[in-house]
Each structure stands twice: as structure tokens, then as C-alpha cells.
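# Chain and residue survey
Residues per chain are reported as follows:
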Amino acid sequence: MSSRPRVYCRIRPLNEKEGAVEGKNECFFDKDGNTLLYHKADGDVVRSRFDSVMGPATDQKTVYRLLKDEVTSSLMTGYNATVFAYGQTGSGKTYTMEGQRAGDQRGLIHNFVSEIFDQFAQKKDVENVSVQMSYVQIYQDQIQDLLQARKLLDIRLDKSGAYIASGACWRDVSSATQAMNVYYDAAKNRATNSTDMNLVSSRSHALLQFQLKWDEPLAPGSNAKLNLVDLAGSEKVFKTGACGEVLKEAIAINKSLSALSNVVKALVDQARDPGKRHHVPYKDSKLTYLLQSSLGGNNLVHFILCLSASVLYQSEGMSTIEFGKRALKVVLKPVKNPIDYRRLEEMERMIEQMRQHISELEGKLSQKGAQGGAADTSMTGKKPAGENEKFLVMDDIAQDNEDEGGPGGRGKQAKDLINAEIKKLEEQQRTVEERLVQRGAELEQLKGSNAKEREQFQSKFTEEKRRYMEELNILRCNVQRQRERLEQGEEEVARARHKRAKRSMRIEKIGTRQKLKNSQELERIYKTLPESLHELTSHCILFPDSKEHFRKLGGLKKLIALIDCRGNKGRESYIAHASYALSIALDELGRDEVRELGGVHAVSQVLSRTDEHSKQFACRALEAVVRGNAANKREITDDVLLQLCGLVGTHPHQQVQEAACSALAEIADSLPDIKEKLMLHGLIRKMVSMIRDTPPEVADLIKVGVTVVGRLAQQHLPCQNEIAALGGVKILADTLFSSVGDRDPQLPVLTAYALVNICCNNRENMIILQKHPKWADIKFKVLEGLGRVFSDSIASENRIRATASHSIRSDGGRELFGYHGVTCVSEWSPFTAGGRPTYSSFMENPQFTLTVSEDCNVSIVLSDLSCEDRHAHRTASKQKTIYMGLAVFRGDRALLCDRGLKQLDFNGRFVTSGRFNRNRENTLSLPLKGSPDPYIIVPFTAHLMQYTRFCLGVFADKEVEVTQVPEEGGWLKRVFEGSWTTATGRGADAFDWRNTDQFLITVAEETTVTAVLSYRAVDEFRTRQALAADDEEVPDDSPENEEARERPHLHGRVFSSSFAPNRRYVRSNVPSPQNTSFVACNEYLSSSSVKTTVTLQPNQTYVYVPSTETPCVDEYRVSFYSDSNEVNVSTLNPSSEWYAFKYKGTWPADSDSSPSRSPFVLLNGGGKVVIIGSAKDVYLLLSVYEILDNGRYEKVADLTPAVKTKKLASCDAFWANECVLETTLPDANKSYWVTLQGIVTLESGEQRAVTEGDYTLAVYAEDINVTCTSNDADGLMLVDRLNATPEVVTYGVEKLMN
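The present account deals with the structure reproduced in this document. Predicted model only: the values in this text are computed from it and were never measured.

Before going further, it helps to examine the overall build of the protein. The helix and strand inventory of the protein stands at 36 helices and 46 strands. When the 1298 residues of the protein are sorted by exposure, 54% land in the buried category. In the protein, the share of contacts with a sequence separation of at least 24, taken over all contacts with a separation of at least 6, comes to 77%. When the accessible area of the protein is evaluated, it comes to approximately 57,800 Å², of which 48% is carbon and sulfur surface.

Take a look at the structure:
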């Protein structure tokens, strides 16, 4: 469809200066609404016609109404639109575009934005509406982003072929008000200045863009772009009085507008003479370079010519009018933006993900109450009644692919498990109630005892009852929450199923409509053949499934009739194009039909035509007709073979030679007798000469020549020998390392294929190849070629695994070359697409063990088996490119081979990895040492959630074995999410590390557990990157890039907890020689994710502590992998907390090493306590003394040296920097004296008591009745049983992992 720009003229009213001109002061007038009159000084009148001419009285609404219908209707139907405001400085351009900010005189920008959102609101069948805006200016030939404080930008070509400002900020807006607020804020950055003609003159060209995207039932992924361009005005320097910087601005403005005028003039010349190629000088200015897609592309363009009616500016006005007249003659070819047909596939994928989500929900119901008291805030959006805390509970992700239904399905198992948990809680509740009754009966029996015993028992009973009632209330609450969680989970599963069914029906309906539409379009094309040959080829390329329908319509018969129409002068012009259409529209089942219709002979006859297009398209058609069809190949006569061979190396057009070579390669494939004939016709000699003599610039011709040689040599000894005799082995080996491979990376691949076919089963040829000076490198290329050959073979035969082995030996029996290979087919699925090595889920990728018994050279080939299917269904939509990679590690034999488990921790085991590759394959070649332990090969994708089938081929020059580690029956995974707050994110090396979240772990048997700690924001950012299209990914230097943010290193540490296993672990967090409880920690530092692997023993409680190196407020995610299901992981809750006291003081100047002259605290009460002393660069010793006097001391001042004491407990040695003492206070009615002794080591080596500096003393008590007093002030806050509330410390919320 051809069109032209719409050109409107708007005359501005005279201002005070213009109205003061003596005599006649106006020279431009409007007439009849579309005619502009120019009254010359001599009385002549010049008439100019435009789409509309608006006089000085025209208001803003009238201007908008003139443009509204065409602009908005074109946008809503998928066409891009551009509106220019053009004219001299001070003529009203910015007023026309922007207008007033309120009232009826708002400009085009506000009116168009409001109309866009109104249109979307009125369309009820429109979904997923997205509006983004960008605002840039061209100032002194520099592109600046007004949304990013004038950040400088460059111009680049995007994937759709449009020129864009690279790096420009695109802001999402959801309403007209928000969009205008963004515009007004950005407009403050626009360059303006004052001149004699305009008090506020725009000194830059401004481009405001709106990108619209939406989904309609029959047009998913619809999109359009609106460009609003406010050009700076042309000006004459002597009139504006410009000087200095303003003069520079004026020169830049006039230069760019002159370039715009030249572009329009060139476009007019091109429209007048379309048969001649005209140069359009877009690149003369950044303005025209950036607007190239609007001026000469697929946009509908509107020009508003702004004029002043004054005679003062008649020359500038006439220049504007002449520009508008030329613009009317430009020919536009607006093209509707392609809709995103791939969105249908995305919707189907969303349904599949929803099915998986439902399955996981049912599986996770089993974990809903495993930590009793967990609040399901993620489902309900509010806390259950009576809840005063949030619990961080586990999320269980199964590793298998069980079906969600059936008696053994995950849903039923989940319900059974949750009901069992409820039953268990109810039994615990009954036990507590029975215990209360029993203690009450014991109290009744003491009625006859003395009053003191009754009082003591009554006091103990009251305390026990309080604890039992507290435990009983928690249990009751847990039971209720478990039941609520079960009901909520079942409701969510039901809603998800209903939503899935509804969406599935909608997509099926859309798909049916689309198929019907395609079918009707194809039938129209069929009926209008041969005029619609071009449409046929485009349709079959865009919709490959239409080929079968075309064949059933009888389309092949019609095409062959067009090809075989010699003598029919009216139809001969269609022969070449019909041949090309046949090569595109032919499907697999149509090849036999073509033979039966005489199509092979008809196409062969086209070769005798003299024009190059007929020869080229005939070769393409022959290639398509004979592909994979032996019967059609045998229809090819010797004359045709001779004609094809005659085109090679002699025809003046490269495209014809390439097409002939491709046809010959397909014809010769797998047919020895045809190969013999081609040898006799001298084809091998021609091919070898072509590869050798073709310049590197013509890489495509060399590539097809290598392909032909490889096909001829495949399993055909005479061809192999002739190639070698002509020096072909050396020529191909040289081609492997030539500069041509840099131009086309596929050439080395095809060359390696050819060398495999020529040498790997031919001893003499292998000897020639080994004499090449680069044999050491060629060996790897040959192994890679073998890997590709067998990968293609196993994929075509739909096998899962295959092995290959062969040896070439000399006459003396010495092995010249041998290869041993294993090829496996696997996939990246929702459970195994773990992303790149830096991701916390990397170990979830498929893993393969590689057993190497002796030193060897290995080549690994990774092939994407779904790549061609994705490309076959590609559309103009944005789709995510799959980048593949390979990594090799040293493996743990016991874990991988003996137990069949994936390896989780790769720290210190890295061997090598390859670069990402976006092609359909990736290769990695390396020498490996023989080892009793296996190596691990991990294929991975650059992003999460990229699902595709792949083939892994491993070929070596020594015997190797490759086995995939099974996915089922492997590690059990549990996922927790939480946060470090100002109270809990205190850093791993600070005293307050004890405040952070902790996880209690117990096992029923010896179990290996790996904990993976990561930042939740980073994980979720990587997921968003995986879902974004390639050009929508957040760049590395963006402030929104979570991976680029600096974060503290992560720490994951495991301790054994035996003193108070159900309480928060507060001992030491580093290994120490004194009764250490340290078990394991991460072996490397990372700001992304860390792993901690440990083997746990039964009958012991362990604690995992996630923390950061320095204080941090952030969210985290920790995943626990275990090789046994007899593992219990639970989180802390307020009932796990101690009653804590913390004091901070200064060492006394008269302190000595004796307890009586050291800092101390006074304790009253009984039960378990943990006492901690801390001081930097000091050796510390804690001691606890029982005060033997009767009664309790409530005040520190009451203690005197005369008080009698007995040492109750003490550390066994002085500890550096921090000292911990765990003990039990035996009598709740007694007082206890806790002392902290400190010594320092001088430079001379002498030790003495510390007499300066700060210290910290903390006491954690199990019993609420314990009191602690000190003369020193309280220190920083500790997590305490009394302050463990959501306002002070949170334990996180449960998060279901989809």
C-alpha cells in the first residue's frame, strides 16, 4: 500500500511587534479551509493547497480534531504514526505540540495521550496493555536523553530494522496523567534560550515516542509506535540577534533542518523515478539519521507547518511552504506492524507451567504445617487471628515428575501427610493435657505435708502449668493453622485448575480462528496463481504448516503446470518464480506426488533456460525435490548431472554456482552410483579447485564446495582416494584455520565433517592428515566432527544413547588413530534448567559423569535439538535466544557413581568451561588426565527457565565412558526465604551475629546435607531476565541490575547444639580449641550464592546460620538438599528465644587478673544459662560463683569482699577476643556471681591484666525468673524472648516456589 504524508498549515496570530508594522502587516491568509494565499508586495497572489489550512483564530481542539481520526485509527490497527511540527523560530510549534498545561488549550501531546488510554479502556477484548514512553532531544547534533538528565546516546539499528537511540530510557506509564507528569518533568531538561524573536526559544529538536503493545483475541502481540516531533525553528541570525552559545545553537539547528530538507527532496526524486536508485542522505545529520524509519520507513507521517502571517517573515514563511509542497510528493509505504504469533506458543507454555504449578501446590501441601504455627500470609494477604509473629517455614520441592492425579499422585500424598501431621499435633496436645492433670493430682497428695513443701511445690506447679499452657496454646494454634492451610491450598489448586481450563479454551478458540484465517488466505492465493506466487512463498515461510493444505488443494500440480509451460508466451515469465515457489511450498509427503506429476523432469528442463534466475531457482527446486527421496534422485538423468556440473566454476554468477553445488550435494547423498557418475564428469576436481582458488571474501561458495566434497566422500572409497590424490586433504586442513572461518563460523564445522568422511575410515588419507603441521589441533576438530555426525544420527533415529568406537592401524599393527565416543540425549526441563555456574541453582542442570582411565584428548559437542523447530515457527516477535555452555569439573566418585546422586558443591573442582554460544551447538575440547574418580560434564544455558532438548556427544582418542546422573530418586530439596533486618542482619563477625535467623536440623540416620544460600533479589532478577526478550534485558550498567549491586559476602555456617538444642544457638561462630561446636562453613566467598556441605549424625541437633560478612538489610533464600527423607529442618520462633541481658563497660584501671578485681554481673534464679564475654585483642576467662549466704542479693552494691562463694563453673582456658561459658544454675533461690577476667600480651611477650578498653558481657537465660544486674550500662539490643515480636525481629514468611 502506497500513501503520502498529510501536510497541514497553521497561521499564528500577529504579536505586538508584528502588529506595529506600518501599512500592510499580513501576507499569509487561509481560504476554503485547504488553500493558503500569499500576497506579494507587487500585488500578485500565490495559492498553495494542503490537506488543511488553519487561520489565526483556530484553537487547539480544532487542530487536534483534524489529526485525531487518522492518527489514532492507524495506531489502533497496528501502524506507526509520526507528527512533525515544522516552521521558523517563534511560529508556534511548541505551542501546537504542548499548549497550555490545563484548560481547553492543551496541545497535541496531551490530547493524543488521553485518546490512547481512552481507546484501550473502551475495548473490552483488549488485554495486557503496555504503554512506554521515551523523550530525547537532538542538541547541537548530539542525542540526549531527557529522562536521564541529558545522558548522551548513540544511534543503532534494532532487530526490526529501525534506527533507535541506543540506551534511551523507556518509562512504563499506566494513565494519561502519569504520562504527562513524566513528560513535564523531562521537559525541564530541554534546551531553551532567549532570542530577539522568541523569549523562550527551543534550541533543540525534541522527539517524544510512545510504544504501545496489547493483545487482542485474533492479534496477540499487537503493537504500534507514536512519534511526536517538535522541531527547533529555522532562523536568520541577523533577526534573532544570536551570538556566542546561542549562535552555535542556531548554526546547528539550521544545518540539521537543511539536512531534513535534502532528505525530503531526495525522497521526492525517488518517488518520481522509482526505477532508478537514489541516494537519500539520512546520515548527514543526527536528526535525519534518527528519524530515518519515520521519513522513509513504514510510518504514516503528518507535517504541521507553522507560519507567522507577518510580512516581516515572508521569506521564512515561503521556505516553510516550499518544504510542505515537497513533502506532499513523498511516497510512503506504511506497513502494519506484524502481530506476535509466537504469543500463542507462549500462552500454551503458560498453561503447561500452570499445570506444573498445580502439581507442585498439591505436593507442597505436605509441608504446610511441618513447622506448626506458620502463618499463610502469602495466600490470604492477612495474618490469622491471634497471631503475633511470622514464622519462616520450609518449602518442599519434589525432584521427580509424578503425575498430580491418581491414588499415588502428589495431591493425595500431600493430603495424607498433612492429615498425619494434624494427628501428630493432636496427640501432643493430649499428652500436655494429661501431664497437667497428673501434676494437679500430685499437688492434691501434698495437702498433708508441711506448708513450706506445699508452697515450694505450688510455685513449681504454677511455673510448669504456665509453660504447659503456653505449649498447649501453640499446639492448638498449629492444628488450626494446618487445617486452614489445607483448605486454602485446596482452594488455590481449584482456582488454578479453573483458570487453566478457561485459558486453554480461549487459546484453542484463538488457534482455531487463526488456522481458519490462514486457510482462507491460502485458498485465495491458490485461486489467484500465478499472479500471487510471491505471496505464496511468503505465506509458506511464515506458516510452514500451510504446506500440507496447499498440497491437498492441488497446488503442486498447478505449480508444475506453470513450470512446464514452454511455448506459452503468456506464462513463460512465471517459470523461474514458480520453480522457486515449489522449493518453498514443498512438504515431505509432496515429493512423491511431484515425481508422479512429472515434476522432476519439468524442473530439470528449466536448467536449459539462459537467464540466471531460471538456473538458480531450478537448482533450488531440484534440491528440494530430491531431498531424502532416493526415487526422485534416480529420476535425474546424466544430462542433468552434466548440466549441473557445468555450472560449477564456470557460470559468472555466484548464486547460480552455490545453488548448483547444493543440488549436487543433495543428489549425491547416499547413492554410490551417482557419485561414480559425478566423478566421471570431473566434479571432484572442480570442487577441490573451487575450495583452493576461491577468494576468502566469497565464503558461501567455499562452504557449499566443502559440503559437496564431504557428501561425495561419505562411505565411498574411490571418491576419498581421488580427493586425496588431488591434494584435497591438505586443502581442507588448511581451510580449517583460514581467515574464511572468521567470516563464517559454520565453515570449520563443515570442513571437519568432510575430513571425518575422507580420513576416519581410510588409512592412507589419515596418514596424509597426520603429516599436517597442525595435526595436534586438527585432531580435536576431527573429534568434534565425529561428535556432530553421531549427534545428528542419534537425533534422526530418535534414540537416547549410542556408542561408537573405531581404530585405524598401520601395517605393523600400530594404532594411527582411534576414536571412542558416547552420545546422549537429554533436556533442560522446569526441574533441570538451572542456569549458568554463578547461579545458586546451577547444580540442578543435567550432569554427566565422564570416566577416563588414561590420558586422552576429548572433544565435547552440545547440540540443541529443538533449535530448528523454534526457527521453523519463528515470527517477527521477540523471542529469547538460548545461549548454551559447557563446564567440566572433577567429580566425587562415592557421590556420583556409588550413590547415583548429582554433585552439588563444585568448589575447588573446576577443570574448564567454554564460552556461551547462541548457535545450535557448542563445543569444548581439552586434554584430560586419567583418574579413578570421574569428571563431571554440566551443560547449561545462560538463563533460567530455558527449556529445550539437547544432545551431548563426547569423543576421545582413548576409551571413555559417559553416563547421565539420574534425576529421579536424587536429592530432596527444601527452600526457605527470609530477611535480614536492622535487628537481625548484624554481620557474621559482629557480636550480634547471634540475632540472625537460624535453622535447626536433625537426622534419623547419617545424612549428607548441602545448604545453598543466596540473595533473593538476585535470584528473582535472574528469573526476570530469563523471561525478558533479548532487547528487553536490563543492561549491566543499569541501576536496576541486581547482579551489579555491591552486596556483602555471604556466610553459611553449621554448628552442633547440645547444651540447649531447642533454643537459639549463641555459642561461638568460629572454630576454637576449647570445646568447639563448629561443624562446617562455606569454603569460598561470594556475593551471589554460597554452598555449605556437611555430613550429619543422628541423635544430635545441628544449627545452620545464614549471615553476611558485614551488617546488611536484605532478603535471602536458602535451599537445603539432603540425600535422605529422614531429615527435619525447622526454624526458630519466639518460643525458641532466651531471656537475654547485655552490658557494655570499660575495663577498670586497677583491674588485675583476680576475679575480685574484674568486671562482674549478679545473677538470681536457676536453669540453663549461656554467658558470653567479648573484648578485642584480649584473652578472656569467665567464671561463675555460687554465693553461699542464705537469701538472694538484689543489688550489686550489696556484694562485699566478705561474701562467701564457691566456684560453680569456669572456662578451661583463656579465649581470644570472645569467651563463652555454658552452665546450669542449680538453685532458683540462690544468687550467683559472674566474673570476666582479661589479660593482654605485650610486645615483649609479657602478659598482664587488661586495664583499658571496652568489653561486653551478655547473659542468655532459659528461665524468665532469672534476673541480671550490673553497674555498667546496657549495650546494644539482643534478640530476647521478651522482644521477639514482628516489630523487633521477624522470621520471614513461607513462599511457594513455582
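Next up on the list: the packing of helix α31 (residues 746–759) against helix α33 (residues 775–796). α33 packs onto α31 with a crossing angle of 90 degrees between their chain directions and a minimal axis gap of 8 Å. Taken together, the axes of α31 and α33 are roughly perpendicular relative to one another. Along the contact surface, α31 presents V749, A752, Y753 and V756, while α33 presents K781, V782, G785, L786, R788, V789 and D792.

On to the environment of S166, then. By the element assignment, S166 lies in strand β10 (residues 163–166). When its relative accessible area of 27% is taken as the criterion, S166 is described as partly exposed. In the structure, S166 is positioned 23 residues away from I143 in sequence and 9.9 Å away in space, judged by C-alpha atoms. Setting aside residues up to four positions removed in sequence, S166 forms contacts with L153, D154 and R156. Within the structure, the side chain of S166 is placed 3.4 Å from the side chain of R156, a separation counted as a polar contact.

Bringing unusual backbone geometry into the picture now. For the bond from L529 to P530, the omega torsion is 10 degrees, close enough to zero to count as cis. Along the chain, P530 falls in the loop between α14 (451–527) and α15 (533–542). Although it is not a glycine, S670 adopts a positive phi angle of roughly 70 degrees. Mapped onto the fold, S670 is located in the loop between α24 (654–668) and α25 (672–680).

This part takes up the environment of L67. Of note, L67 is situated in helix α2 (residues 60–76). Each C-alpha atom, one on L67 and one on I304, is 9.9 Å from the other, the two residues being 237 residues apart in sequence. In this structure L67 touches Y8, V83, L108, F112, H302 and I304, once residues within four positions along its chain are discounted.

Here the focus is helix α23 (residues 638–647). Of the positions making up α23, those classed as buried are V640, L641, L644, C645 and L647. What you see down the axis of α23 is that its buried residues fit within an arc of 155 degrees, all on one side. Looking at the buried positions of α23, the neighbouring elements they touch are α20 (599–606), α21 (612–626), α24, α25 and α26 (683–693). Phi turns positive one or two residues past the end of α23, at G649, with a value near 80 degrees.

The subject of this paragraph is the sheet that holds strand β20 (residues 848–852). In a beta sheet, neighbouring strands are held together by backbone hydrogen bonds and run either parallel or antiparallel to one another. With respect to topology, five strands assemble into an open sheet ordered β23-β22-β25-β20-β27, the strand pairing being antiparallel. In the strand order of this sheet, the two ends are held by β23 (910–913) and β27 (960–964), each with one partner. This sheet shows a mean twist of 25 degrees between the axes of neighbouring strands, independent of strand direction. By the bridge criterion, seven bridges tie strand β22 (residues 884–890) to strand β25 (residues 935–941) in an arrangement that is antiparallel. Residue pairing for β25: R890 is matched across the bridge by Y935.

Bringing the packing of aromatic side chains into the picture now. One pass over the full model with this rule turns up 32 aromatic pairs. Residues W828 and F950 carry aromatic rings whose centres are separated by 4.4 Å and whose planes lie at 35 degrees to one another, so their mutual orientation is tilted. Here the residue W828 occupies a position in strand β19 (residues 815–828), and F950 occupies one in strand β26 (residues 948–956), the gap between them amounting to 122 residues. By the burial criterion, W828 is buried, and F950 matches it. Aromatic pair Y1104 and F1120: ring centres 5.4 Å apart, planes at 80 degrees, arrangement edge-to-face. Highlighted residues: Y1104 in strand β34 (residues 1102–1108) and F1120 in strand β35 (residues 1114–1122), separated in sequence by 16 residues. An identical accessibility class is assigned to Y1104 and F1120; each is buried. Directly above the ring of Y526 sits K558, whose terminal nitrogen or CZ lies 4.4 Å from the centroid. Over the ring of Y1015 we find R1047; its NZ or CZ atom is 5.2 Å from the centre of that ring.

This next bit is on the nonpolar core. The biggest cluster of nonpolar side chains holds 100 residues, and the ones touching the most others in it are L536, L644, L678, L683 and L769. Setting aside residues no more than four positions away along its own chain, L644 makes contact with L607, C619, L622, A660, L664 and I667. Of all hydrophobic cores here, the second largest spans 49 residues; its members include Y163, V264, L267 and M318.

Assignment of secondary structure puts T832 in the loop between β19 and β20. Residue T832 is classed as buried on the basis of its relative accessible area, which comes to 5%. Here E827 takes part through its backbone oxygen, which lies 3.4 Å from a polar atom of the side chain of T832. Setting aside residues no more than four positions away along its own chain, T832 makes contact with E827, E844, N845, P846, K902 and E967.

All right, on to the packing of α2 against helix α4 (residues 108–122) then. Relative to each other, α2 and α4 sit at 45 degrees, their axes nearing to 10 Å. Taken as axis vectors, α2 and α4 run oblique relative to one another. α4 is crossed by α2, and the crossing has right-handed handedness. In this structure, α2 contributes V63, Y64, L67, K68, V71, T72, L75 and M76 to the contact, and α4 contributes L108, N111, F112, E115, I116, Q119 and F120. Partitioned by chemical class, the residues of the contact of α2 with α4 number 10 nonpolar, three polar and two charged.

Let us look at the sheet that holds β26. The strand order across the open sheet formed by five strands is β18-β19-β26-β21-β24, and the pairing between neighbours is antiparallel. Every interior strand has two partners, whereas the edge strands, β18 (801–809) and β24 (921–928), have only one. On average, each strand axis in the sheet is tilted by 15 degrees relative to the strand beside it, whichever way the strands run. Two elements, strand β21 (residues 856–864) and β26, share seven bridges in a ladder whose sense is antiparallel. Bridging across to β26, S863 finds its partner in C951.

So, on to the pattern of salt bridges. The full count for this structure, using the stated rule, is 45 salt bridges. As a salt-bridge pair, D638 and K677 come within 3.3 Å of each other at their nearest N and O atoms. A residue pair is termed long-range when its members are at least 10 positions apart, and D638 in helix α23 and K677 in helix α25 qualify at 39 residues. The exposure class of K677 is partly exposed, given its relative accessible area of 31%. Residue R1016 pairs with E1115 through a salt bridge whose shortest N-O separation is 3.6 Å. In this pair, R1016 sits in helix α36 (residues 1016–1027) while E1115 sits in strand β35, placing the two residues 99 residues apart along the sequence. We classify R1016 as buried; its relative accessible area is 16%. One salt-bridge network, in which partners are shared between bridges, spans E977, R1016, D1019, E1020, E1115 and R1117.

Let us now look at helix α5 (residues 176–187). Its 12 residues place the ends of α5 16 Å apart at the C-alpha level, agreeing with the 16 Å of an ideal helix rising 1.5 Å per residue. Within α5, the full set of buried residues consists of A176, A179, M180, V182, Y183, Y184 and A186. Among the structural elements, α4, β7 (127–139), β11 (171–173) and β14 (205–216) are those in contact with the buried residues of α5.

In the sheet, strand β2 (residues 28–31) pairs with strand β3 (residues 35–39) via four bridges, with the strands oriented antiparallel. Of the residues in β3, the one forming a bridge with D30 is L36. Hairpin remark: β2 followed by β3, antiparallel, with three residues in the connecting loop; positive phi at D32, about 60 degrees.

A few words now on the pairing of β21. Taken across its nine residues, β21 has eight buried, putting it largely inside the fold. Here β21 runs beside β24; their pairing, made up of eight bridges, is antiparallel. Bridge pairing links V861 to T923 in β24.

Reading guide: rules and limits
- Residues numbered from 1 in each chain as written.
- Predicted model: local features only at pLDDT ≥ 70, side-chain atom pairs only at ≥ 80, totals over all residues.
- Heavy atoms only, no water.
- Helix = DSSP H or I, 4+ residues; strand = E, 2+ residues; numbered from the N terminus.
- Buried < 20%, exposed > 50% of the residue type's maximum accessible area, 1.4 Å probe, protein only.
- Contact = heavy atoms within 4.5 Å.
- Areas by Shrake-Rupley, 256 points an atom, 1.4 Å probe, with all protein chains shown as cover.
- Axes fitted to C-alpha atoms, helices over the stretch in contact; angles between N-to-C directions.
- Parallel < 35°, antiparallel > 145°, perpendicular 65-115°, else oblique.
- Polar contact = N/O pair within 3.5 Å; in protein donor to acceptor, adjacent residues only side chain to side chain.
- Arc of directions from axis to C-beta.
- Pairing = 2+ DSSP bridges.
- Phe/Tyr/Trp six-rings, centres within 6.5 Å; stacked < 30°, edge-to-face > 60°.
- Lys NZ or Arg CZ within 6 Å of the ring centre and 35° of its normal.
- Core = buried A, V, L, I, M, F, W, Y, C linked by side-chain atoms within 4.5 Å.
- Left-handed = near helix turned anticlockwise from the far one by under 90°.
- Nonpolar A, V, L, I, M, F, W, Y, C, P; charged D, E, K, R; others polar.
- Salt bridge = Lys/Arg side-chain N within 4 Å of Asp/Glu carboxyl O.
- Expected span 1.5 Å × (residues − 1).

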